[in-house]
Amino acid sequence: MKNQPQGGTFSTETHIPVPEDTLSAADCRGLADALSSVGDKWTILVVGALAGGELRYNEIQRRVNGISQRMLTLTLKRLELDGIVTRTLFPSVPPRVDYELTDLGQTLRAALVPLHLWAAQNRGTMAKHRARVRSERE
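Given the structure is predicted, the values throughout are model-derived calculations rather than measurements. (Residues numbered from 1 in each chain as written. Predicted model: local features only at pLDDT ≥ 70, side-chain atom pairs only at ≥ 80, totals over all residues. Heavy atoms only, no water.)

**Remarks on the overall build of the protein**
For clarity, the cut-off: Only runs of H or I of at least four residues qualify as helices and only runs of E of at least two qualify as strands under DSSP, and these elements are numbered from the N terminus. Exposure classes here rest on a 1.4 Å probe applied to the protein chains alone. A residue is buried below 20% of its type maximum, exposed above 50%, and partly exposed in between. By the convention used here, residues are in contact when the closest approach between their heavy atoms is within 4.5 Å. Exposure was quantified through the Shrake-Rupley algorithm and a 1.4 Å probe, taking into account, for residues, occlusion by the shown protein chains and nothing else.
Per the secondary structure count, the protein includes five helices and three strands. Secondary structure elements in the protein, listed N-terminal to C-terminal, are α-α-β-α-α-β-β-α. Per-residue burial over the protein gives 22% buried out of 138 residues. Taking as baseline every contact in the protein between residues at least 6 positions apart, the subset at least 24 positions apart corresponds to 44%. Total accessible area computed for the protein in this model is approximately 10300 Å², and 57% of it derives from carbon and sulfur atoms.

**Notes on the pattern of salt bridges**
Selection criterion: By salt bridge we mean one thing: a side-chain nitrogen of Lys or Arg within 4 Å of a carboxyl oxygen of Asp or Glu.
Tallying each qualifying case throughout the model produces three salt bridges. Of the charged contacts, one joins Asp 40 and Arg 78 as a salt bridge, the two residues approaching to 2.9 Å between their closest N and O atoms. Placement of the pair is Asp 40 in the loop between α1 (25–38) and α2 (41–49) and Arg 78 in helix α4 (residues 69–81), with a sequence separation of 38 residues. Asp 40 gets classed as partly exposed once you look at its relative accessible area, which sits at 23%. Given a relative accessible area of 25%, Arg 78 falls into the partly exposed group. Here Arg 96 and Asp 98 are joined by a salt bridge, their closest N and O atoms 2.7 Å apart. Arg 96 gets classed as partly exposed once you look at its relative accessible area, which sits at 29%.

**What to know about unusual backbone geometry**
Only a minority of non-glycine residues have a phi that is not negative, and only a minority of peptide bonds are not trans. Note that the residue after Val 93, namely Pro 94, is joined by a cis bond; omega there is -5 degrees. With respect to the secondary-structure elements, Pro 94 resides in the loop between β2 (85–90) and β3 (96–101).

**A look at α4**
Short version of the rule: Given the number of residues in a helix, its expected span is that number minus one, multiplied by 1.5 Å. Think of it as the arc spanned by the lines of direction from the helix axis to the C-beta atoms.
Counted at 1.5 Å a residue, the expected span for α4 with its 13 residues is 18 Å, and the 18 Å between its end C-alpha atoms agrees. When α4 is considered as a whole, its buried residues turn out to be Leu 72, Thr 75, Leu 76 and Leu 79. For α4, the buried positions fall inside an angular range of 95 degrees around the axis, keeping them on one side. The outward face of α4, more than 90 degrees from its buried face, is lined by the exposed residues Arg 70, Lys 77 and Leu 81. On its buried face, α4 sits against α2, α3 (57–63), β2 and β3. Gly 83 sits one or two positions beyond α4 and adopts a positive phi of about 85 degrees.

**Digging into the pairing of β2**
Selection criterion: At least two DSSP bridges between two strands are required for those strands to pair.
Summarising the sheet, β2 and β3 pair through six bridges and their orientation is antiparallel. Each bridged residue has a counterpart across the sheet, and for Thr 86 the counterpart in β3 is Glu 100. If you look at the hairpin formed by β2 and β3, you'll find five residues sitting between the two strands.

**Thoughts on a nonpolar patch on the surface**
Defined as follows: Patches here are clusters of residues that have more than 30% relative accessible area and form no salt bridge, with a 9 Å joining cutoff for like charges and a 5 Å cutoff for nonpolar side chains (Val, Leu, Ile, Met, Phe, Trp, Tyr).
Taken together, the side chains of Leu 23, Leu 31 and Leu 35 make up a nonpolar region of the molecular surface, amounting to roughly 270 Å² of accessible area. By the element assignment, Leu 31 lies in helix α1.

**A short note on the side chain of Asp 98**
Tracing the chain through its elements places Asp 98 in strand β3. Assessed through its relative accessible area of 3%, Asp 98 is described here as buried. Beyond its immediate sequence surroundings of up to four residues, Asp 98 is in contact with Glu 54, Leu 55, Arg 56, Thr 86, Arg 87, Thr 88 and Phe 90.

**Section: the packing of α2 against α4**
Cut-off, in case you're wondering: Every axis in this analysis is a line fitted to C-alpha atoms, fitted for helices over the stretch in contact. Angles between the N-to-C directions lie between 0 and 180 degrees. Each angle gets one of four labels, with under 35 degrees taken as roughly parallel, over 145 as roughly antiparallel, 65 to 115 as roughly perpendicular, and the rest as oblique.
Between α2 and α4, the least distance of the axes is 10 Å, while the angle of their chain directions is 75 degrees. Classed by the angle they form, the pair α2 and α4 counts as roughly perpendicular. Here α2 contributes Trp 42, Thr 43, Val 46 and Val 47 to the contact with α4, which in turn contributes Met 71, Leu 72, Thr 75, Leu 76, Arg 78 and Leu 79.

Here you go:
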């Protein structure tokens, strides 16, 4: 099936695998947990910032526009806990901490590339729809 987004010239074969059977409640909870962990905007932007290799905390903060120090710290701790990033502490003065995507993190980055492309291609169309709906509601 060909997809043709409004306002764009992109088309591709689209195939989304769907499980044959209904997921159990436990499977749904597990999937929801995994998606909530990796699906928020800060996680996506931090993973994108780390796509080029290891970075120090302040370098990540500079690359992820608008993220607070607290939110970056929480995001990095969760990503480390989930096995998406590694945190390496170097015993120096001041202490140096580097973050890098793990192999699992690299697979997440690869999965996010199509989402990034879709968002970049369709953000203008979405903005037009938002403006139209807002004006209709006024």
